[in-house]
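Here are the chains, one letter per residue:
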Amino acid sequence: MPDPGTGSELLDHRAFLRGLPVQTRQNLLIRSNRAGLLHLAGHWGLIAVFGALIGYKIPFWPLLLPFQGVLLISNFTLLHECTHKTPFRSGWLSELVGWISGFVVGLPFLWFRYFHLMHHKFTNDPAKDPELVGHEKPQSWAQYLWHVSGLPVWRAQAVGLVSVAIDRDRLDFVPESKRGKV
């Protein structure tokens, strides 16, 4: 699709993927336990190293905190991919790593799977997409800054986690037969 301001083509992810050679696309879709575990070891290894450096309070250790924060919250991406069973060839390995990653970021894996699959089913439908229901777009700079701070997300996660744990929240996206497990 042309960019009206420049006349140049905008490249979205679908166009990018279509532009790749077929063999490259096929190679990107190969699932491997070995490759997945190597990436995982590197990522979690960095978390351990930064955690140790911070824990030992090396000189200027507070400067490491933002990097550690990024490394830790990047487990959400891993949680997301494990929901789709894409990081590893073995489904059980994706499940295990998904549960661990969910624990690290404070999102129960099974709950997130149902939430995320419902999001895919009803993407951008303000009445049915669980990412949008009850979340209005910011209307002012103050609301926008509050939104991008991430604080509303963490608050909602904490409240949601407690609500689900004490069985006060009847979530439409969780099948009735799975609510106890969630």
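The present account deals with the structure reproduced in this document. Given the structure is predicted, the values throughout are model-derived calculations rather than measurements.

**A closer look at the packing of helix H4 (residues 65-73) against helix H5 (residues 75-83)**
- Where H4 contacts H5, the axes come no closer than 4 Å and their chain directions differ by 5°. Relative to H5, H4 is oriented roughly parallel. Contacts between H4 and H5 involve Leu71, Leu72 and Ile73 from the former and Asn75, Phe76 and Thr77 from the latter.
- Class assignment for the residues of the contact of H4 with H5 results in 4 nonpolar, 2 polar and no charged.

**Section: helix H9 (residues 151-165)**
- An ideal rise of 1.5 Å per residue puts 21 Å on 15 residues; H9 measures up with 21 Å between its terminal C-alpha atoms.
- Buried residues of H9: Gln157, Ser163 and Val164, and no others. An end-on view of H9 places all buried positions within 135° of arc, on one side of the element. Facing away from the buried side of H9 by more than 90 degrees, the exposed set consists of Arg155 and Ala165.
- Those residues of H9 hidden inside the fold are in contact with helix H6 (91-105) and helix H7 (109-121).

**Quick notes on the nonpolar core**
- Within the largest apolar cluster, 18 residues are counted, with the highest numbers of intra-cluster contacts made by Leu79, Val97, Leu107, Trp111, Phe112 and Phe173.
- Of all the secondary structure elements, the ones that give two or more residues to this core are H5, H6 and H7.
- The next biggest cluster of nonpolar side chains, apart from the first, holds 5 residues, and it includes Ile47, Ile54, Leu64 and Leu71.

**Brief notes about the environment of Gln157**
- If you trace the backbone, Gln157 turns up in helix H9.
- On the basis of relative accessibility, which here comes to 19%, the residue Gln157 falls in the buried class.
- With 52 residues separating them along the chain, Gln157 and Val105 place their C-alpha atoms 9.9 Å apart.
- Ignoring any residue separated from it by four or fewer positions in sequence, one finds Gln157 in contact with Val105, Gly106 and Leu107.

**A word on the side chain of Thr83**
- Mapped onto the elements of the fold, Thr83 is located in helix H5.
- A distance of 2.9 Å separates the side chain of Thr83 from the backbone oxygen of Leu79, its partner in a polar contact.
- What Thr83 contacts, discounting residues up to four positions off in sequence, is Phe109, Phe112, Arg113 and His116.

**What to know about the pattern of salt bridges**
- Scanning the entire structure with this criterion turns up 2 salt bridges.
- The shortest N-O distance in the salt bridge between Glu95 and Lys85 comes to 4.0 Å. Taken together, the residues Glu95 in helix H6 and Lys85 in the loop between H5 and H6 connect sequence positions 10 residues apart.
- Residue Glu95 pairs with Arg113 through a salt bridge whose shortest N-O separation is 2.6 Å. Of this pair, Glu95 sits in helix H6 while Arg113 sits in helix H7, and the two are 18 residues apart along the sequence.
- A cluster of three or more residues bridged by salt bridges with shared partners is formed by Lys85, Glu95 and Arg113.

Conventions used here
- Residues numbered from 1 in each chain as written.
- Predicted model: local features only at pLDDT ≥ 70, side-chain atom pairs only at ≥ 80, totals over all residues.
- Heavy atoms only, no water.
- Axes fitted to C-alpha atoms, helices over the stretch in contact; angles between N-to-C directions.
- Helix = DSSP H or I, 4+ residues; strand = E, 2+ residues; numbered from the N terminus.
- Parallel < 35°, antiparallel > 145°, perpendicular 65-115°, else oblique.
- Contact = heavy atoms within 4.5 Å.
- Nonpolar A, V, L, I, M, F, W, Y, C, P; charged D, E, K, R; others polar.
- Expected span 1.5 Å × (residues − 1).
- Buried < 20%, exposed > 50% of the residue type's maximum accessible area, 1.4 Å probe, protein only.
- Arc of directions from axis to C-beta.
- Core = buried A, V, L, I, M, F, W, Y, C linked by side-chain atoms within 4.5 Å.
- Polar contact = N/O pair within 3.5 Å; in protein donor to acceptor, adjacent residues only side chain to side chain.
- Salt bridge = Lys/Arg side-chain N within 4 Å of Asp/Glu carboxyl O.

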